[in-house]
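# Working through the structure, step by step
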Amino acid sequence: MRTVELLCSLPLEQTVRAAWDRLAAAGLPSLARNTHPTNRPHLTMASVDGFPPGAADRLADLLDAALPLPVRLDRVEVLDGSAPLVWLVRPSPELSALHAAVWDVLAGVDGQHPWHAPGRWIPHLSLALRFRHNDRRLARALAGVHRPTGEFVAARSYDGDTRTVSPLGG
């Protein structure tokens, strides 16, 4: 599996990490507990089985032209499915256009994960995984005390086979 992810500006990343820490301190599930070196706040735009020849270069050019991109976080929610706790991202016209362009580059690639597809994608930054039966009200109070702004400033790709990341552009 390969992803296309946007990375937060340092102040926005620190805000999300602080929310992770508050959740963990309250005994709730939190990505603060994930110590893998690739774990950092990010927005996943696409996930596919692998990049075809030339796709990484085309994605890098596209992302370099679009970044930095202003972002505003919205409310904290629990999504359906595996029920992660997330901080929703307000989808600006620029973010939506970039998302569609990423999917154009990856059109026809095997293993497109439909939850990232245009029309189904819910842009978000993950706070905790598998949150289904935990205290949502407390989590919202701890994590989403305000609706911060920032920027997406870089892009990367996570390789699920090697559990490594590589920059896309930059």
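All figures in this text were calculated on a predicted structure; none of them were measured in a lab. (Residues numbered from 1 in each chain as written. Predicted model: local features only at pLDDT ≥ 70, side-chain atom pairs only at ≥ 80, totals over all residues. Heavy atoms only, no water.)

### Here we look at the layout of surface pockets
Threshold: Only protein atoms enter the calculation, which uses a 1 Å grid: trapped sets of points that fit a 1.4 Å probe without letting it out are cavities, open sets showing protein on both sides within 12 Å along at least five of seven lines are pockets, and any residue with an atom within 4 Å of a point is a lining residue. Grid points are joined across faces, edges and corners, and a volume is the space filled by probe spheres set on the points. Helix and strand assignments come from DSSP, with helices taken as H or I runs of at least 4 residues and strands as E runs of at least 2, each series counted from the N terminus.
Each pocket or cavity is described by its volume, and for the largest pocket that value is around 1,100 Å³. Contributing to the lining of the largest pocket are 30 residues, with His42, Thr44, His124, Ser126 and Leu129 lying nearest its centre. For the lining of the largest pocket, the secondary structure elements donating two or more residues are strand 1 (2-8), strand 2 (42-48), strand 5 (124-128) and strand 6 (149-159). Among the elements that make up the lining of the largest pocket, the one with the highest residue count is strand 2 (4 residues).

### Let's talk about unusual backbone geometry
Let me state the cut-off plainly: Each residue is placed in one exposure class: buried if its accessible area under a 1.4 Å probe, protein chains only, is under 20% of its type's maximum, exposed if it is over 50%, and partly exposed if it falls in between.
With an omega of 5°, the peptide bond running from leucine 67 to proline 68 counts as cis. Here proline 68 shows up in the loop between helix 2 (55-66) and strand 3 (69-78). Positive phi, close to 55°, is recorded for arginine 163, a residue that is not glycine. You can call arginine 163 partly exposed: its relative accessible area is 45%.

### Re the environment of leucine 69
The condition is simple: By the convention used here, residues are in contact when the closest approach between their heavy atoms is within 4.5 Å.
You can see leucine 69 is positioned in strand 3. We classify leucine 69 as buried; its relative accessible area is 5%. Sequence separation between leucine 69 and serine 9 is 60 residues; the distance between their C-alpha atoms is 9.7 Å. If sequence neighbours within four positions are ignored, leucine 69 has contacts with Glu94, Leu95, Leu98, Gly150, Glu151 and Phe152.

### Focus: the side chain of serine 9
Inspection of the secondary structure assignment puts serine 9 in the loop between strand 1 and helix 1 (10-25). Among all residues touching serine 9, those that are not within four sequence positions of it are Gly150, Glu151 and Val153.

Keep in mind that these numbers describe shape and distance, not what the molecule does.
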